[in-house]
Amino acid sequence: MKTWKVGLLFSETGATSIIERSQLHGALLAIDQINARGGVLGRPIEPVRYDPASVVTRYGELAEKLIVEDKISVIFGCYMSSSRKEVLPVVERRNALFFYPTLYEGFEYSPNVIYGGACPNQNSVPLANYLMNSFGKRIFFVGSDYIYPRESNRVMRNVLRQGGGEVTGEVYFGLHANADDFASVVDEIMQVKPDAIFSTVVGQSCIEFYKAYHAAGGNGRICPIASLTTNEGEIDAIGCEASAGHITAAPYFRTINSPANRRFLKAYEQKFGSTVDVTSCCEAAYSQVYMFARALEETGEIDTECLREALLGASFDAPQGQIKIDPDNNHTYLQSRIAKVDDNGEFVIEFKVRRSIKPDPYLVYPAIHDWSFRTMKVAGGESRHE
Amino acid sequence: MSDPIQDLRDLHALVVHPRDRSADELMQQVNRIGCNFDHFWPLPKTLPEKFDLVFIDVTDQSAHNLKSFIASSSKSPCIVAIIGYENPSVLNLIFEIDAHSVLMKPVRAAGVLSCMLMARRFQQEQLSFKKDLTKLREKLENMQKVNDAKFILMRHRGITEREAYDLIRRQAMAKRTTTTEIAQSILNAESILSNMGST
């Protein structure tokens, strides 16, 4: 039987495997569901997956392999920007279509990429507002040392400055930093006593950082670590005790109480046994596979030009709410929510932006007072009427 | 100097390029970057004042037409040449029209932003160097004038250089004018007097 072959390029081992495995699961679940309903135009989607093992250069090599050896021209994959930059020239040269289900720092557009995660304008501004209003204006930055944290911090610094805030420190660590490496910065934080910490530490070291902060007496309820990347999977690994009170801004949280999300979580649990690793990036991968399948149904062939035409402007009722691919820039209109970890290690949604936010990947200086970023309080975690 | 990155969205850009795939790619990217822009084709005679940055397809255009188009705006806008060939005659052309940066056809989205920024920075630097140069040149001329006037006074009155300068400065203060003005008057008078002597 003929199938529609798609490539999956998520690391199942290595530094960023927690999050990438969750993205892989999201994509696999969507493929399963679509195939269970008869596939696309009677043919099932067949995933071909490779594990780049969190090694940046492997992503480019494996993308090439998928395209050349497996004759696949639709690929879902990547978490870190550095890995996306490896895949980008390959998909452009071979004119393949690449779905990137991860938030990133913006300032990119390729006709061959559909960007499914948030750009800084979609989550940094609401988060900065929330931190300054709820905790105070002195913020300490800690990040992993690569492009995303540096650019996120630049945006954050600008938004804070506009609101009269102050950056009390800015420190970067390698991707494999462990508790010992974080000891000195945690000491510094204890001395400087900022109102909140903005963390862009990713992967395994993120877990180490939260634990180190907790071990040194840091209390999330008083001075939280706020992040755009720390999600359900990492909170689970950090543990309830050390993660209580910390804050994340994202388009999706597992605790959203909507029919679409309940259906998504139920199916996820049936397939993978538990929903502990469901994250916003997992949801983005899931939604992107669905959007691809819808487009394929329209075009009837895997052709980059036709698929792109069908995808641009398409909308989808995702678990997070309605999303839409912006035809101006291939990025996605997304919801924006801010959630706090409760005593049981679950995110409780505190604020959300009323409508999905238009992606603006080339925004140099987001304005703090832009009305579209205004958040509204969410009663009881998340409205029950969605 | 203003910050080219910060001012990006205040720019008014113009694309002078036949309406094809390259032009579409370019305009869409300028739109994503968030600049106002207009499109003209064929090359018009004059360039409206409001444009800060102009992308021009220089293929098959004469240097003369391009230069007169660019010079028609008093604002001296930033010029990005779009070229289809990289041969010496095309490269000569972009030097001749003083382009600040270059984009190669087919235009793709990646690189447009950096190209705009490099062009802006180069142009702003050029403008500020030009301004500094004019200022320095004026200053040098003025110093030369004062020096010449000093020597005239020293010769006529048998005074020292210091005394000659003090004299010029006091005159300038009394008449509420600059030392350069006084020096110029002395030079004028000297030239009239010496001409009288020779007739």
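Residues numbered from 1 in each chain as written. Chains lettered and ligands numbered in written order. Predicted model: local features only at pLDDT ≥ 70, side-chain atom pairs only at ≥ 80, totals over all residues.

**A word on the overall build of chain A**
Step number 1: Looking only at helices and strands, one finds twelve helices and 16 strands in chain A.
Step number 2: For 386 residues, the compact-globule formula gives about 21 Å, and the C-alpha radius of gyration of chain A, at 20 Å, lands near that figure.
Step number 3: Each principal axis of the C-alpha atoms in chain A carries an extent, and together these give about 65 × 45 × 40 Å.
Step number 4: Evaluated residue by residue, chain A yields a buried proportion of 55% over its 386 residues.
Step number 5: In chain A, of all internal contacts separated by at least 6 residues, the share reaching a separation of at least 24 is 73%. (Helix = DSSP H or I, 4+ residues; strand = E, 2+ residues; numbered from the N terminus. Rg over C-alpha atoms; globule rule 2.2 N^0.38 Å. Buried ≥ 20, exposed ≤ 12 C-beta atoms within 10 Å, placed from the backbone. Contact = placed C-beta atoms within 7 Å.)

**Re the overall build of chain B**
Step number 1: Along chain B, the regular secondary structure elements total six helices and five strands.
Step number 2: Traced from its N-terminal end to its C-terminal end, chain B shows the element sequence β-α-β-β-α-β-α-β-α-α-α.
Step number 3: In summary, chain B has a C-alpha radius of gyration of 26 Å against a globular reference of 16 Å for 199 residues, an excess of more than 25%.
Step number 4: For the C-alpha atoms alone, the extent of chain B along its principal axes is close to 80 × 40 × 25 Å.
Step number 5: Relative to its full complement of 199 residues, chain B shows a buried share of 27%.

**Concerning the domain arrangement of chain B**
Step number 1: In terms of domain boundaries, chain B breaks down into domain 1 (4-110) and domain 2 (134-197).
Step number 2: Computed over C-alpha atoms, the centres of domain 1 of chain B and domain 2 of chain B are 50 Å apart. (Domains from an automatic or database assignment.)

**Description of the interface of chain A and chain B**
Step number 1: Of the residues lining the interface, eight residues belong to chain A; the matching set on chain B comes to ten residues.
Step number 2: Here the side of chain A that touches chain B is built from residues that sort into five nonpolar, two polar and one charged. (Nonpolar A, V, L, I, M, F, W, Y, C, P; charged D, E, K, R; others polar.)

**Side note on the packing of helix α2 (residues 56-68) of chain A against helix α3 (residues 81-93) of chain A**
When two helices pack together, their arrangement is captured by the angle between the axes and the distance separating the axes.
Residue and element names in this part refer to chain A.
Step number 1: Taken N-terminus to C-terminus, the directions of α2 and α3 make an angle of 30 degrees; their axes are 7 Å apart at the nearest point. One finds that α2 runs roughly parallel with respect to α3. The two elements α2 and α3 cross, and the hand of that crossing is right-handed. Contacts between α2 and α3 involve Val56, Thr57, Tyr59, Gly60, Ala63, Glu64 and Ile67 from the former and Ser82, Ser83, Glu86, Val87, Val90 and Val91 from the latter.
Step number 2: Here the residues of the contact of α2 with α3 are counted per class, giving seven nonpolar, four polar and two charged. (Axes fitted to C-alpha atoms, helices over the stretch in contact; angles between N-to-C directions. Parallel < 35°, antiparallel > 145°, perpendicular 65-115°, else oblique. Left-handed = near helix turned anticlockwise from the far one by under 90°.)

**What to know about the packing of helix α4 (residues 112-157) of chain B against helix α5 (residues 161-174) of chain B**
All names here are of chain B.
Step number 1: Orientation of α4 relative to α5, taken along the N-to-C sense of each, is 110 degrees, at an axis distance of 9 Å. By the criterion of interaxial angle, the relationship of α4 to α5 is roughly perpendicular. As for the relative orientation of α4 and α5, their crossing is right-handed in sense. In this structure, α4 contributes Val146, Ala149, Lys150, Leu153 and Met154 to the contact, and α5 contributes Glu161, Ala164, Tyr165, Leu167 and Ile168.

**Points about the sheet that holds strand β3 (residues 74-77) of chain A**
Residue and element names in this part refer to chain A.
Step number 1: On the basis of which strands lie adjacent, the open sheet formed by five strands has the order β2-β1-β3-β4-β5 and parallel pairing. Strand pairing shows two members of the sheet lacking a second neighbour, β2 (45-50) and β5 (113-115), which therefore form its edges. Between one strand axis and the next, the sheet turns by 25 degrees as a mean value, whatever way the strands run.
Step number 2: Here strand β1 (residues 4-9) runs beside β2; their pairing, made up of six bridges, is parallel. Opposite lysine 5, over in β2, you have glutamate 46 as the bridge partner.
Step number 3: The strands touched by helix α11 (residues 280-299) within the sheet are β1, β2, β3, β4 (97-100) and β5, with β3 carrying the most contacts at an inclination of about 165 degrees. (Pairing = 2+ DSSP bridges.)

**With respect to the nonpolar core**
All names here are of chain A.
Step number 1: Within the largest apolar cluster, 59 residues are counted, with the highest numbers of intra-cluster contacts made by Ala128, Ile197, Phe209, Tyr210 and Ala226.
Step number 2: By residue number, the principal contributor to this core is helix α7 (residues 204-215), which donates six residues.
Step number 3: Ignoring any residue separated from it by four or fewer positions in sequence, one finds tyrosine 210 in contact with Ile225, Ile238, Ala242, Ser243 and His246.
Step number 4: In terms of nonpolar packing, the next biggest core, distinct from the first, is built from 58 residues, Leu62, Val87, Phe98 and Cys281 among them. (Core = buried A, V, L, I, M, F, W, Y, C linked by C-beta atoms within 7 Å.)

**Structural notes on unusual backbone geometry**
For residues that are not glycine, phi is negative in most cases, and the peptide bond is trans in most cases.
All names here are of chain B.
Step number 1: Geometrically, the link from tryptophan 41 to proline 42 is a cis peptide bond, its omega value of 0 degrees lying close to zero.
Step number 2: Inspection of the secondary structure puts proline 42 in the loop between β2 (36-40) and β3 (53-57).
Step number 3: In the segment running from lysine 105 into proline 106, the intervening peptide bond is cis, with an omega of -5 degrees.
Step number 4: Positionally, proline 106 belongs in the loop between β5 (101-104) and α4.

**Description of helix α4 (residues 120-134) of chain A**
Step number 1: Over its 15 residues, α4 of chain A extends 20 Å from the first C-alpha to the last, a length consistent with the 21 Å expected when each residue adds 1.5 Å.
Step number 2: Two residues or fewer past α4 of chain A, glycine 136 of chain A is found with a positive phi of approximately 145 degrees. (Expected span 1.5 Å × (residues − 1).)

**A short note on the pairing of strand β8 (residues 196-200) of chain A**
Residue and element names in this part refer to chain A.
Step number 1: With respect to burial, β8 is a largely interior element, five of its five residues being buried.
Step number 2: Of the two faces of β8, the one holding Ala196, Phe198 and Thr200 and the one holding Ile197 and Ser199 are both buried throughout.
Step number 3: Sheet analysis places strand β6 (residues 138-144) next to β8, joined by five bridges and oriented parallel. Bridging from a neighbouring strand, phenylalanine 141 pairs with phenylalanine 198 of β8.
Step number 4: Pairing between β8 and strand β9 (residues 225-227): three bridges, direction parallel. Bridged to isoleucine 197 within β9 is isoleucine 225.
Step number 5: For the segment spanning β8, α7 and β9, crossover handedness is right-handed. (Right-handed = clockwise from strand over helix to strand, strands pointing away.)

**Considerations on the environment of valine 15 of chain B**
Residue and element names in this part refer to chain B.
Step number 1: Structurally, the position occupied by valine 15 is in strand β1 (residues 12-16).
Step number 2: Valine 15 sits in the buried class, given 24 other C-beta atoms within 10 Å.
Step number 3: It is 50 Å that separates the C-alpha atoms of valine 15 and glutamine 184, two residues lying 169 residues apart in sequence.
Step number 4: Not counting the four nearest positions on each side in its chain, valine 15 is found in contact with Ala23, Leu26, Met27, Phe37, His39 and Phe55.

**Regarding the sheet that holds strand β12 (residues 321-325) of chain A**
Residue and element names in this part refer to chain A.
Step number 1: If you walk across this open sheet you meet the three strands as β11-β12-β13, and the pairing is antiparallel. The two strands at the open ends of the sheet, each matched to only one other strand, are β11 (315-318) and β13 (332-333).
Step number 2: When β12 meets β13, the two strands line up antiparallel, connected through two bridges. When the sheet's bridge partners are listed, lysine 324 is paired in β13 with tyrosine 333.
Step number 3: Contacting β11 and β12, α11 runs over the sheet at an angle of about 135 degrees to β11.

**Considering the confidence of the model for chain A**
Step number 1: Scored by pLDDT, chain A comes out at a mean of 92, with 96% of its residues at no less than 70.
Step number 2: For chain A, per-element mean pLDDT is lowest for strand β16 (residues 375-377) of chain A, which scores 72, and highest for β4 of chain A, which scores 98. (pLDDT = per-residue confidence, 0-100.)

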